[in-house]
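Coordinate inspection notes
Take a look at the letters that make up each chain.
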Amino acid sequence: MHSSKNRQAKNENRVIRFKCTLQNTISDVLRSRGWQEVKEESGEWDFYWADVGWMREVFDHCYMEEHMRLNHFRNHYELTRKNLSAKNLKRLRKQIEREIGKIEASKCDFFPTTFELPADYHIFVEEFKRSPNSTWIMKPIAKSQGKGIFLFRKLKDIMEWKKEDSWKVDGTKDEREPVENYVVQRYVDAPYLIGGRKFDIRCYVLVTSYLPLKVWLYRSGFGRMSNSRYSIDSIEDTYIHLTNVAIQKTSPDYDPEKGCKWSLIQLRMYLLAKHGPEAVETLFRGMDDIFIKSLQSVQKIMINDKHCFELYGYDILIDETLNHGC
């Protein structure tokens, strides 16, 4: 009895040692908890917020004791890379349709028509020609904060990906630098607007295990608002179409006092006043389906490890009919 109490008291008084490769809000929060920062390369740690480079170069050669925790799974990119995420969701949809039926499979239809370039260029062109007046959005597969994203309506705007000799498949060497991989998606050109401005909802989902799947949803998400009034006619204006905070903060009319965020509670109250509890409950329940289905799409291929966890940031876009997508 005394031994058990002594162990408990020892654990409560124990200082957690952490390493963090990012010097930003994350490291500030870890320090504010009274945790002890380890800066030496070879220093011992209990909790490590590592970058993906460390995972790629060190993880497989690193021994971890039972209590140690790390912020990435080994093949985290299966969900965080846009091209792989789309591929895994398409595979899950086909599996559900085959095993359960089309109605259940339709719950995976929360992401727009998606192609990877340059690999799917010719397939994309066929789809493009079937709907010539559509707007499309290009996104680099492995960048964040809105970097490299642009909208287009004409194929000439993406001619760089049409040059077949830039990705030869006959085994001959191409000396030029390879074209960066992108995903191209049909753009949601009729988003839900607040005050004439586009927004999306940022939610955080923590996964502590994939086998079994253990998921925690952070209650305090937020709405990311555009500073500019929405217009589909101005597709070259990123301040209108991209709600990323990193982009909006550079807008000429950005007000740092007001910022560009609404709390999730504030956003929910606005939607309740406009549409009533039933519609809003359906909307948020549908968002939960997005989280679960996307995680299920990688559950069988993710390399589960008791030392690992992942904190995912989801950006949910709502259209004018209160349908949602990721």
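Structural notes, computed from the coordinates. Everything numeric here is computed off the predicted structure, so don't read it as measured data. Numbering of residues starts from 1 in every chain and runs along the sequence as written. Where local features are concerned, this predicted model is filtered to residues with pLDDT of at least 70; where side-chain atom pairs are given and counted, the filter is 80 or more; whole-chain, interface and lining totals use all residues. Derived side-chain values reflect all non-hydrogen atoms in the structure, with water molecules and hydrogen atoms excluded from consideration.

Turning our eyes to something else, we now look at the pairing of strand β14 (residues 310–318). DSSP bridges decide pairing: two strands pair if at least two such bridges lie between them. By definition, any uninterrupted DSSP run of H or I lasting at least four residues is a helix, any uninterrupted run of E lasting at least two residues is a strand, and each is numbered from the N terminus. As judged from the seven bridges shared by strand β10 (residues 197–210) and β14, these two strands associate in the antiparallel manner. Bridge pairing in β14 links Val205 to Tyr312. Here β14 pairs with strand β15 (residues 324–325) via two bridges, running antiparallel. Following the sheet pairing, Leu317 is matched in β15 by Gly325. Between β14 and β15, which pair antiparallel in sequence order, lie five residues; one of them, Leu322, sits at a positive phi of approximately 70 degrees.

A word on the sheet that holds strand β2 (residues 36–37). Spatially, the four strands line up as an open sheet ordered β2-β1-β3-β4, and their pairing is parallel. Taken across any chain shown, the strands that pair with only one partner, and hence form the sheet edges, are β2 and β4 (69–70). Sheet topology places strand β1 (residues 17–20) next to strand β3 (residues 47–49); three bridges connect them, and they run parallel. Note on β3: the bridge partner recorded for Phe18 is Phe47. Contacts between helix α2 (residues 25–32) and the sheet are confined to β1, β2 and β3, with β1 contributing the most and set at about 170 degrees to the helix. The contact criterion used throughout is that any non-hydrogen atoms of two residues lie within 4.5 Å. The convention used is that axes are lines fitted to C-alpha atoms, helices contributing only their stretch in contact, and that angles between N-to-C directions extend from 0 to 180 degrees.

Our next topic: the packing of aromatic side chains. Note on aromatic pairs: the rings of Phe, Tyr and Trp (six-membered ring only in Trp) are paired at centre separations within 6.5 Å, and the planes decide the class, stacked below 30 degrees, edge-to-face beyond 60, tilted for the rest. Applying the stated criterion across every chain, the model contains 21 aromatic pairs. An angle of 90 degrees between the planes, with centres 6.1 Å apart, marks the rings of Tyr192 and Phe199 as edge-to-face. Summarising the burial analysis for this pair, Tyr192 and Phe199 share the class buried. Members of the aromatic cluster, joined through ring pairs, are Phe115, Phe124, Phe128, Trp136, Phe150, Phe152 and Tyr182. Whether a charge sits over a ring comes down to the Lys NZ or Arg CZ being within 6 Å of the ring centre and within 35 degrees of the ring normal. Above the plane of the ring of Phe115 lies Lys90, whose end atom (NZ or CZ) is 5.9 Å from the centre. Type-normalised accessible area, obtained with a 1.4 Å probe on protein chains alone, sets the label of each residue: buried when under 20%, exposed when over 50%, and partly exposed for intermediate values.

Attention shifts here to the environment of Cys108. With respect to the helices, strands and loops of the structure, Cys108 is situated in the loop between α6 (102–105) and β5 (114–117). Residues Cys108 and Lys90, spaced 18 residues apart in sequence, show a C-alpha to C-alpha distance of 8.0 Å. Every residue in contact with Cys108, bar those within four places of it in the chain, is listed here: Leu92, Arg93, Ile96 and Lys293.

Quick look at the packing of helix α10 (residues 264–275) against helix α11 (residues 277–299) now. At a minimum axis separation of 7 Å, α10 and α11 run at an interaxial angle of 135 degrees. Taken together, α10 and α11 sit at an angle that is classed as oblique. Counting all contacts with α10, which are made through Leu264, Arg268, Leu271, Leu272 and His275, the residues of α11 involved are Pro277, Ala279, Val280, Glu281, Leu283 and Phe284. Here the residues of the contact of α10 with α11 sort into eight nonpolar, one polar and two charged. The scheme is simple: roughly parallel for angles under 35 degrees, roughly antiparallel for over 145, roughly perpendicular for 65 to 115, oblique for anything else. Nonpolar residues are Ala, Val, Leu, Ile, Met, Phe, Trp, Tyr, Cys and Pro. Charged residues are Asp, Glu, Lys and Arg, and all others, Gly as well, are polar.

Cis geometry is adopted by the peptide bond preceding Pro118, which originates at Leu117 and carries an omega value of 10 degrees. Summarising the element assignment, Pro118 is placed in the loop between β5 and α7 (121–130). With an omega dihedral of -5 degrees, the bond running from Leu211 to Pro212 counts as a cis peptide bond. With respect to the helices and strands, the residue Pro212 is situated in the loop between β10 and β11 (213–217). Phi at Gln145 takes a positive value of approximately 60 degrees, unusual for a residue other than glycine. You can see Gln145 is positioned in the loop between β6 (136–140) and β7 (150–152). For Leu322, which is not a glycine, the phi torsion comes out positive at approximately 70 degrees. In this fold, Leu322 is placed in the loop between β14 and β15.

Moving on: the side chain of Asn88. Along the chain, Asn88 turns up in helix α5 (residues 82–99). Here Asn88 falls in the buried class, since its relative accessible area comes to 1%. Excluding its chain neighbours within four sequence positions, the residues that come into contact with Asn88 are Glu78, Ser297, Val298 and Ile301.

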